[in-house]
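Here are the chains, one letter per residue:
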Amino acid sequence: MTSPSVTAYRLDRRDVWLGFRQLLPISLFVVIFGLAFGLAAVQSTMDGASVVLMSALAFTGAAQFAVLDLWGAQVPLIPLVVTVFAVNARHLLMGATLYPWLRHLPPGQRYGVMLVASDANWAMSMQAFERGESGLGLLLGGGLALWSSWVLGSWLGLYFGSAIHDPVSWGLDMVMGCFLLAMVVSGQKNARMFVIWVVAAGASLLAYWYLPENSHVVVGALAGGVLGACWTEDKS
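A brief report on the enclosed structure follows. Here the structure is a predicted model, which is why all the values come from computation and not from measurement.

On the surface, Leu-205, Leu-206, Tyr-208, Trp-209, Tyr-210 and Leu-211 cluster together into a nonpolar patch covering about 740 Å² of accessible area. For Leu-206, the position within the fold is in helix α10 (residues 191-210). Using a relative accessible area of 46% as the deciding quantity, one classes Leu-206 as partly exposed.

Once that is clear, we can look at the packing of aromatic side chains. What the rule picks out here adds up to five aromatic pairs. A centroid spacing of 4.2 Å and a plane angle of 10° characterise the contact between Trp-101 and Phe-129, whose relative ring orientation is stacked. Of this pair, Trp-101 sits in helix α5 (residues 90-102) while Phe-129 sits in helix α7 (residues 119-130), and the two are 28 residues apart along the sequence. Like Trp-101, the residue Phe-129 is buried in the burial classification. Taken together, the ring pairs connect Phe-37, Phe-65 and Trp-150 into an aromatic cluster.

A word on the nonpolar core. With 33 residues, the main nonpolar core has Leu-23, Phe-37, Leu-102 and Leu-146 as its most contacted residues. Residue assignment for this core shows that the elements contributing at least two residues are α1 (13-43), α2 (48-58), α5, α7 and α8 (136-160). For this core, the element with the highest residue contribution is α8, accounting for eight residues. Ignoring anything within four residues of it in the chain, the contact list for Leu-102 reads Arg-110, Val-113, Met-114, Leu-136 and Leu-139.

Right, let's get into the packing of α1 against α2. Taken N-terminus to C-terminus, the directions of α1 and α2 make an angle of 135°; their axes are 9 Å apart at the nearest point. With respect to α2, the element α1 is oriented oblique. With respect to the hand of their crossing, α1 and α2 are arranged in right-handed fashion. Here Phe-37, Gly-38 and Ala-41 of α1 come into contact with α2, specifically with Val-51, Met-54 and Ser-55. The residue makeup of the contact of α1 with α2, split by class, is four nonpolar, two polar and no charged.

Cut-offs and rules
- Residues numbered from 1 in each chain as written.
- Predicted model: local features only at pLDDT ≥ 70, side-chain atom pairs only at ≥ 80, totals over all residues.
- Heavy atoms only, no water.
- Patch = residues over 30% accessible without salt bridge, like charges linked within 9 Å, V, L, I, M, F, W, Y side chains within 5 Å.
- Areas by Shrake-Rupley, 256 points an atom, 1.4 Å probe, with all protein chains shown as cover.
- Salt bridge = Lys/Arg side-chain N within 4 Å of Asp/Glu carboxyl O.
- Helix = DSSP H or I, 4+ residues; strand = E, 2+ residues; numbered from the N terminus.
- Buried < 20%, exposed > 50% of the residue type's maximum accessible area, 1.4 Å probe, protein only.
- Phe/Tyr/Trp six-rings, centres within 6.5 Å; stacked < 30°, edge-to-face > 60°.
- Core = buried A, V, L, I, M, F, W, Y, C linked by side-chain atoms within 4.5 Å.
- Contact = heavy atoms within 4.5 Å.
- Axes fitted to C-alpha atoms, helices over the stretch in contact; angles between N-to-C directions.
- Parallel < 35°, antiparallel > 145°, perpendicular 65-115°, else oblique.
- Left-handed = near helix turned anticlockwise from the far one by under 90°.
- Nonpolar A, V, L, I, M, F, W, Y, C, P; charged D, E, K, R; others polar.

Now the structure itself:
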């Protein structure tokens, strides 16, 4: 990893705007999935205001879909909390990887940035940090693009969701996965990174086959993260 420069800790309006524009293309697909969520939420008897409010405050697509099965007149609070935590546990690792740069920000900015952290803007900001560039604008600006697209899509789903009844049949569920795979391929290329990704992928597959639903996300991230922490990069 390139040694971080002073600009790597910078967070200004220009960088945030550039980050917003850079994530706009993939945000279009987020609108479509938000639309599918809005439709699914209404069909599960959730009212329109709750749908938009959940997307605005939670901003976690996979977890929001997961809790729809638990939604009803009597919401089982503990199972709901456990489900959301399991799906979003990867954010703990995201926060740990971003800490060396976020710790230079005031607390208000630091936690404000993390409110819109997601897979796509986290991956792109980490690549910028590795090049010694400012990734905070990508993290915040890109996160705002994704967040606003998710809220807009959820709102549209209340009225037009039936137009895309099954987004999976169109292959739209693969968009984010392909994007993140492209981030991996364009990242560092050495034996250490190759082994880390293989271990993470293998652990995730095993968890997907043999452990409870959604646990593969956490297990894969932990396996790769622990190996990366133990097998430190040669700085020479």
